[in-house]
Amino acid sequence: MFKVMQTISFCMTCAVASDKVFKTYEEKYAIPPKLLQAIAQVESGRHVNGKISPWSWTIQAEGKSYYCSSKGQAIQVVKELYQQGIYNIDVGCMQINLKYHPHAFANLSEALEPERNIAYAASYLRNLYD
């Protein structure tokens, strides 16, 4: 099985979704301020620079979390899980489940783009509320 690197050595700003992105979709979908970020911190949070931040390249399957150091690495983890017959997989900072939301994204790359992942979660949450 794939081994995830324990250190974060590059592009932390790519992996940590910005406050602005969360705020944009909270406003767009009339979601209370900071709610999306709070969900992301619980779902994919890891310690970065002394605080818990949502991690965009998080994969979770069968009770195991993978904090990948790049989007490419996260895609590889998902592909390896598929090869093992595992399809109940959560991806991205909002942990969107690929099995139960098969049409949420055009492909894995899109699912692991922080803004697309957050946008889908915001839309889904708004639809549930409505």
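Preceding this paragraph is the structure being described.
What this report covers is the structure whose coordinates are included nearby.

Scoring rules and cut-offs
Residues numbered from 1 in each chain as written. Predicted model: local features only at pLDDT ≥ 70, side-chain atom pairs only at ≥ 80, totals over all residues. Heavy atoms only, no water. Helix = DSSP H or I, 4+ residues; strand = E, 2+ residues; numbered from the N terminus. Buried < 20%, exposed > 50% of the residue type's maximum accessible area, 1.4 Å probe, protein only. Polar contact = N/O pair within 3.5 Å; in protein donor to acceptor, adjacent residues only side chain to side chain. Core = buried A, V, L, I, M, F, W, Y, C linked by side-chain atoms within 4.5 Å. Axes fitted to C-alpha atoms, helices over the stretch in contact; angles between N-to-C directions. Parallel < 35°, antiparallel > 145°, perpendicular 65-115°, else oblique. Contact = heavy atoms within 4.5 Å. Nonpolar A, V, L, I, M, F, W, Y, C, P; charged D, E, K, R; others polar.

The backbone of Lys-34 shows a phi angle near 75 degrees, a positive value even though the residue is not glycine. Counting through the fold element by element, Lys-34 comes out in the loop between α2 (19-28) and α3 (35-44). Not every positive phi belongs to a glycine, and Gln-95 is a case in point at roughly 55 degrees. Given a relative accessible area of 9%, Gln-95 falls into the buried group.

Here the focus is the side chain of Gln-37. Relative to the helices and strands, Gln-37 is located in helix α3. At a separation of 2.8 Å, a polar atom in the side chain of Gln-37 contacts the side chain of Asp-19.

In this section: the nonpolar core. Ranked by size, the top nonpolar core spans 34 residues in total, and within it Leu-36, Ile-59, Leu-81, Ile-89, Val-91, Met-94 and Ile-118 carry the most contacts. Elements represented by at least two residues in this core include exactly α2, α3, β3 (58-61), α4 (71-83), β5 (89-91), α5 (108-111) and α6 (114-129). If one sorts the elements of this core by residue count, α4 sits on top with five residues.

Before going further, it helps to examine the packing of α2 against α3. Running from N to C, α2 and α3 point in directions that differ by 125 degrees, and their axes come no closer than 8 Å. The angle between the axes of α2 and α3 places the two elements in the oblique class. Contact with α2, carried on its side by Asp-19, Phe-22, Tyr-25 and Glu-26, involves Leu-35, Leu-36, Gln-37 and Ala-40 of α3 and no other residues of that element. The residue makeup of the contact of α2 with α3, split by class, is five nonpolar, one polar and two charged.

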